[in-house]
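# Structural features, examined
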Amino acid sequence: MTDKIAARFLEYRSNTGDSVSEQASGAHIFRPAGNTAAEIGTPLLTNHISNDQFTEIWQTHGDWINLVTRVYVDKPYIEVEWVVGPLPADQGREVILRYETSLSTNQKFYTDSNGREMIQRKLNKQEGGEPVSGNYYPVTTRAVLLDEETGMQLTVLTDRSQGGASLAEGQVELMLHRRTLEDDNRGVNEALDDALVVKGRHWLYYARFDSMSENRVLGQELFYKPTIAIALDESPQNPSQTYSDVAVDNKYINVATIINVDYSGDVFTYLLRLENIAPKMEGGKPIAVDLGGIFRGKTLLEFEEKGLAGDRPIENVVEDMEKYTMYDEGNVITLQPLQIRTFFATYKPSTEEKALGDRIMDLVCKYFVDC
């Protein structure tokens, strides 16, 4: 099944106080003047690129919005990359990007709770509230439109937390940028009046509802993009080699935290926090993970499970340990749907890695602390 998805840039004018309330829109309060958003400029095609990897279209919307829409040959999503600003300072503006589809959503949409469970949001749930801002909700990693009759859904994956709403059938909008000229009297004591440019991207994933767990994998890929570090090598004649690997060979397991908490000179101890990102209602299943295979080239010596924060033994948190660990066996632990587990694990490094660790410790002792 196919659908047409329209992307529109619109703006709400910031309220500076009216007959209903003296409350102005500002740093903490979103309160538009009126219930409709105005179109920003006329879309103008500026470039088109097509090759064997992707096809992309460049557009401008007015004088201060640029949009690139990109479709990859081997990816299941459409990438929307936007640059907005600086916003004109002639009046308060709250800029949104609205996606429109033909989905029948029955005045509902869904947002994630800190990247985990999905929460249903119903239009005008609070009667008598603000008609626009009263229907805005936090979108940490995704917003979903669902057509229960056809079983189709559109997921908008975000690269940062944003405010979002669905004010009409088959529509979802996300707040991109704001510039207000009045203080909202919530403690900042100044207007949100900055000449800033913001850049970001959304991934649009259109598919059947029974494949929604796939959008969680995509969300991890977008939200947790790896940090790229560049440095000069000490020996230009022998540049550093590249290395790429995966800690857990299962796309539904997120290695949420790896912290080196101790290096004794012979072994490394890490805090490991593992998460099964798929909920049961989206087809999530228990997944077994071998802690001995997390680090290639290291030998697991021992591990101890802690509470989620890593500050106390798991026995002090869980009442029925036999039931809790009934699917664990040796170094292999099992994560239930949406479960997060934290471990302190000790590994013996390879000879090369031990030499590197010793060198780092020597530098730390020499320049930073007295060892």
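Refer to the structure above for everything that follows.
Residues numbered from 1 in each chain as written. Predicted model: local features only at pLDDT ≥ 70, side-chain atom pairs only at ≥ 80, totals over all residues. Heavy atoms only, no water.

## Concerning the overall build of the chain
Counting secondary structure elements, the chain contains three helices and 21 strands. Relative to its 371 residues, the chain shows a buried fraction of 42%. Within the chain, contacts between residues at least 6 apart in sequence are counted, and of these 66% link residues at least 24 apart. Total accessible area computed for the chain in this model is approximately 20,900 Å², and 50% of it derives from carbon and sulfur atoms. Here the chain contributes 37 positive and 57 negative side-chain charges, whose respective centroids are spaced 2 Å apart. (Helix = DSSP H or I, 4+ residues; strand = E, 2+ residues; numbered from the N terminus. Buried < 20%, exposed > 50% of the residue type's maximum accessible area, 1.4 Å probe, protein only. Contact = heavy atoms within 4.5 Å. Areas by Shrake-Rupley, 256 points an atom, 1.4 Å probe, with all protein chains shown as cover. Lys, Arg positive; Asp, Glu negative; His and termini not counted. Charge placed at Lys NZ, Arg CZ, Asp CG, Glu CD.)

## A short note on the nonpolar core
Membership of the largest hydrophobic core comes to 27 residues, with the highest contact counts inside it found for Phe9, Trp82 and Val84. Those elements that place two or more of their residues in this core are strand S5 (65-72), strand S6 (78-84), strand S7 (93-100), strand S10 (137-139), strand S11 (142-147), strand S12 (152-158), strand S14 (171-179) and strand S15 (198-208). Residues within four places of tryptophan 82 in sequence aside, it is in contact with Phe9, Asn66, Leu67, Leu97, Arg160, Gln162, Leu176, Val198, Lys199, Gly200, Arg201 and His202. One finds Ile253, Phe268, Leu274 and Val289 within the second-largest nonpolar core, a separate group that totals 17 residues. (Core = buried A, V, L, I, M, F, W, Y, C linked by side-chain atoms within 4.5 Å.)

## Things to note about the pattern of salt bridges
Summed over all chains, the structure comprises 26 salt bridges. With its nearest N and O atoms 3.1 Å apart, the salt bridge here joins arginine 13 to glutamate 11. You can call glutamate 11 buried: its relative accessible area is 5%. One salt bridge connects aspartate 159 with arginine 160, and the closest N-O pair in it is separated by 2.9 Å. (Salt bridge = Lys/Arg side-chain N within 4 Å of Asp/Glu carboxyl O.)

## Concerning the pairing of strand S4 (residues 54-61)
Of the pairings in the sheet, the one linking strand S3 (residues 43-50) to S4 comprises seven bridges and is antiparallel in character. Opposite proline 43, over in S4, you have histidine 61 as the bridge partner. Between S3 and the antiparallel strand that follows it, S4, lie three residues. Here S4 runs beside S5; their pairing, made up of seven bridges, is antiparallel. The partner of phenylalanine 54 across the bridge, within S5, is tyrosine 72. Count of turn residues in the S4/S5 antiparallel hairpin: three residues, of which glycine 62 carries a positive phi of about 75 degrees. (Pairing = 2+ DSSP bridges.)

## Side note on the environment of serine 50
Along the chain, serine 50 falls in strand S3. In the structure, serine 50 is positioned 21 residues away from valine 71 in sequence and 9.5 Å away in space, judged by C-alpha atoms. Of the polar contacts made by the side chain of serine 50, one reaches the side chain of threonine 55; its length is 3.1 Å. (Polar contact = N/O pair within 3.5 Å; in protein donor to acceptor, adjacent residues only side chain to side chain.)

## Here we look at the sheet that holds S14
The strand order S2-S1-S7-S14-S13-S10 describes an open sheet built from six strands, whose pairing is antiparallel. Every interior strand has two partners, whereas the edge strands, strand S2 (38-39) and S10, have only one. Alignment of strand S13 (residues 162-165) against S14, held across two bridges, turns out to be antiparallel. By the bridge assignment for S14, glycine 164 is matched with leucine 174.

## As for the environment of threonine 105
Looking at the secondary structure, you find threonine 105 in the loop between S7 and strand S8 (108-112). Note on threonine 105: relative accessible area 2%, which makes it buried. Sequence-distant contacts of threonine 105, defined by excluding residues within four places in its chain, comprise Leu145, Leu146, Ala168, Glu169 and Gly170. There is a polar contact of 3.1 Å between the side chain of threonine 105 and the backbone nitrogen of glycine 170.

## Looking at unusual backbone geometry
Going from glycine 85 to proline 86, the amide bond is cis rather than trans, its omega being -5 degrees. Mapping proline 86 onto the fold places it in the loop between S6 and S7. Here the phi dihedral of asparagine 114 falls at roughly 55 degrees; this positive angle occurs in a residue that is not glycine. By secondary structure assignment, the location of asparagine 114 is in the loop between S8 and strand S9 (118-122).

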